[in-house]
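Now for the letters of each chain:
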Amino acid sequence: MARAMWSGSISFGLVNIPIKLHSALRDRSIHFHMLSKDGQCRLRRKLVCPETGKEYDFDDTARGYEIAPDQYVLVDDIELKALKPDAGRSIDILDFVDLADIDPIYYDRPYYLAPDERGGKGYQLLLQAMKSAKKVGIAKFVMRGKEYLAALRPMGDVLSLATMHFAEEIIPVAEQVDLPEAVAVNKKELDVAQRLIDALEAEFEPKKYKDDYRDKVQELLDRKAEGKEIITQASVEEDAPEVYNLMEALEKSLQRAKKTSEPTAKASGGRKRRKSA
């Protein structure tokens, strides 16, 4: 069993349930170090003044917030420490909401919540009550000196917690994107687009989606570590996609999707049925 990264309790009303927090993510990214060209020396970064070339140790640095070009307000660690939230051990549920009311853009990082030895009954009570109510708990808690907003929800036989972005962190669409002008869509185009969606409909199976680039890089590293010869082929630039009018593109896409889905439909004994909402 993995060691818990944080422990505390879930609090709602006057109820406190002791829990342990475990990460639900595994870092599968491939990390590289910076080396000299011959690979004999691992390089280090230095803190250097670009004007004088003087090198500084980390202990000789200060935190600064830029208020104007090349003008900074200095803040020391004692001042920041005084402002940090109290290192509480409670995940305080503030509200219970419908899952559908939370836009996925607010979610950040997932965790599992496990009961500790003293919290088994209260944990099961909250888990079953949330399943029955079909609600998500919105909570706040402090971990490692940082305050988090979070969503708690049942996931099978455990409670999961996802840290969330605060509303002020989300950039409004209108600030980032030039919203498209309203364009009329005729019924025939809409009908073909819906049929294309139907043809591509499938059950969500997370394991079938792979990080192909990561796998290829790992294969390259494994081969090099074994001393095998690496033959690198020049990358081939893709031709510019053919330009179709919208209706023609929809029809061609629909035909291609039907051909792709035929083996699946035959294996399952017929065409997939759409789930009712």
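Residues numbered from 1 in each chain as written. Predicted model: local features only at pLDDT ≥ 70, side-chain atom pairs only at ≥ 80, totals over all residues. Heavy atoms only, no water.

1. Brief notes about the confidence of the model for the protein
Point 1. Scored by pLDDT, the protein has a mean of 86; 88% of the residues are at 70 or more.
Point 2. Averaged pLDDT values for the elements of the protein fall to 75 in helix 6 (residues 246-267) and rise to 97 in strand 11 (residues 158-164). (pLDDT = per-residue confidence, 0-100. Helix = DSSP H or I, 4+ residues; strand = E, 2+ residues; numbered from the N terminus.)

2. Section: the packing of aromatic side chains
Point 1. Taken as a whole and assessed by the stated rule, the structure comprises 4 aromatic pairs.
Point 2. Taken together, a centroid distance of 5.5 Å and an interplanar angle of 25 degrees make the contact between F141 and Y148 stacked. You'll find F141 and Y148 in the same group, each marked buried.
Point 3. The interplanar angle of 20 degrees and the centroid separation of 6.0 Å between the aromatic rings of F204 and Y209 together place this pair among those described as stacked. Neither F204 nor Y209 differs from the other in exposure class; each is exposed.
Point 4. Through pairs of rings, three or more aromatic residues link up here, namely W6, F141 and Y148.
Point 5. Above the face of the Y148 ring, K146 is positioned so that its terminal group lies 4.7 Å from the ring centre. (Phe/Tyr/Trp six-rings, centres within 6.5 Å; stacked < 30°, edge-to-face > 60°. Buried < 20%, exposed > 50% of the residue type's maximum accessible area, 1.4 Å probe, protein only. Lys NZ or Arg CZ within 6 Å of the ring centre and 35° of its normal.)

3. Examining a nonpolar patch on the surface
Point 1. A contiguous nonpolar surface patch, about 330 Å² in accessible area, is contributed by L47, Y56 and F58.
Point 2. Mapped onto the elements, F58 comes out in the loop between strand 4 (55-56) and strand 5 (63-68).
Point 3. Judged by its relative accessible area of 65%, F58 is exposed. (Patch = residues over 30% accessible without salt bridge, like charges linked within 9 Å, V, L, I, M, F, W, Y side chains within 5 Å. Areas by Shrake-Rupley, 256 points an atom, 1.4 Å probe, with all protein chains shown as cover. Salt bridge = Lys/Arg side-chain N within 4 Å of Asp/Glu carboxyl O.)

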